[in-house]
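# Close look at the chain arrangement
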Amino acid sequence: MGDVVLLGVDGGASKTRAILINGAGDTLASSVVRSSSAYHREPEEAAGVVLDAAREALARAGVIAPVTALGAGLAGADDTTIRGRLMQVLTAAGIARVVTLDHDAAAALAGGTALEPGIVIIAGTGSVAFGMDAGGRRARAGGWGPLLDDEGSGYAVGRAILRAAMRAYDGRGDATVLVELVKQRFGLTSLRALKVAVRGIAIDEVAALAPLGAGAARSGDAVAVRILVRAGEGLAAMVAAAARALGWETSAFPLITAGGMFEAEDVLRDPMIRALGAMGCPAQPVPAAFSAEVGAALLAAQAAGLGTRQLIDDLSRTRA
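Criteria and thresholds
- Residues numbered from 1 in each chain as written.
- Predicted model: local features only at pLDDT ≥ 70, side-chain atom pairs only at ≥ 80, totals over all residues.
- Heavy atoms only, no water.
- Axes fitted to C-alpha atoms, helices over the stretch in contact; angles between N-to-C directions.
- Helix = DSSP H or I, 4+ residues; strand = E, 2+ residues; numbered from the N terminus.
- Parallel < 35°, antiparallel > 145°, perpendicular 65-115°, else oblique.
- Contact = heavy atoms within 4.5 Å.
- Nonpolar A, V, L, I, M, F, W, Y, C, P; charged D, E, K, R; others polar.
- Buried < 20%, exposed > 50% of the residue type's maximum accessible area, 1.4 Å probe, protein only.
- Pairing = 2+ DSSP bridges.

### Things to note about the packing of helix 4 (residues 154-170) against helix 8 (residues 210-218)
The contact between helix 4 and helix 8 brings their axes to 8 Å, and the two run at 70 degrees. If you check the angle between helix 4 and helix 8, you find them roughly perpendicular. Contact with helix 4, carried on its side by Gly-154, Val-157, Gly-158 and Ile-161, involves Ala-210, Leu-212 and Gly-213 of helix 8 and no other residues of that element. For the contact of helix 4 with helix 8, the class distribution of residues is four nonpolar, three polar and no charged.

Shown next, in the form of C-alpha cells:
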C-alpha cells in the first residue's frame, strides 16, 4: 500500500483531531481544531470544521488532495438526516476519493480495539456507550445530550459541582471545598453572585469545571467523592445496557475508556469498575490500541476496500 494515504478525523464536543497516515502506518501529520459536533452546530458547519482539520494536516505533510480515503467519526453523525447533510459537504470537497462517516463512538471503538468486537465508554463533555460484536451488530446506550442524559459526563459533573456548592452555601447541603473552588473559578467573593455569573454559560464551560470535582475527590472531600461515584455508576449503567443488547451478560468483552473525564483516572474509573462488578457485568477494561482518529482512518481503509490486518500491524510497530 505504498501509494495509500488515509485521513482520520475524530470530532467531538470540545475539539476535532485529524491524522494523516500512509499505507505503511507512518504518521505524516496531525492537527487539532475546534469542535465539529453536529449536535452543537449545523451539519454543514460541522463538516466545514472536519475539512479545516483535514486540510491543515495535509498542508503540514505537503500532501495534495485527493487522498485515498477519509474516515470521520463525529458526534451526531448517527442521525440519518444529519449524516446525509454531512456527507454531502464532505464528498463535494473532493478531499478524498472515498469518504466514510460514522458516530464518534464508532471511531473510538475501532481505534480502541483495532477493529475487534468490544464496547467503548466515552466520557468527555458528553457521554455514551457504544459496542459492536463480531457480526457487526451494534448497540448504544446514553449519549442523548445534556438535557436528556449524558450521565457521568463532564457537563453532568460540572453541573453537579455547581449545585453542590450552592446547596452548601445556603445550608441545604454538606460543607464542601467546592464552594471555595467555584468562587475562585468565577472570581467571586460570595456564591450569592453565582446565579448571575453562570447566566448563559455554555455546555463546554460547565464541563470544564469537572476537574475541580476530581481534584477535590482525590483530596478526600466527601461531597466531591459522591459526585464522582455517581458519575462512575452512571457510566457503568450505560456499559451494562450496551452489553445486554449484544448478549454479553455472561461473556467477557473488552471495554475501552475514552474522553477527558477519564483523565481523573481512579476517582472515576474505580467507581465505574466497582459498579460493573456489582451488576455482574463481565467487562474487561483494556488500554486502547489506537486513538479515535486512527480508528477513523481504519474505518476509511475498510471503506476503500483495503486490507486492514497488515495496516494494524504496521500501526502497532510505528507506535511501539
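Still more to cover.
### Comments concerning the pairing of strand 8 (residues 138-141)
Side chains of strand 8 alternate between two faces, with Ala-139 and Ala-141 buried and Arg-138 and Arg-140 left unburied. As defined by bridge partners, strand 7 (residues 127-132) adjoins strand 8 across four bridges and the pair is classed as antiparallel. Bridging from a neighbouring strand, Phe-130 pairs with Arg-140 of strand 8. Where strand 7 hands over to strand 8, the hairpin turn is made up of five residues, of which Gly-136 adopts a positive phi near 85 degrees.

### Topic: helix 8
Listed as buried for helix 8 are Ala-210, Leu-212, Gly-213, Ala-214, Ala-216 and Ala-217. Contact partners of the buried residues in helix 8: helix 4, helix 5 (178-186), helix 7 (203-207), helix 9 (222-245) and helix 10 (266-279). Backbone geometry just downstream of helix 8 places Gly-220 in the positive-phi region, at approximately 100 degrees.

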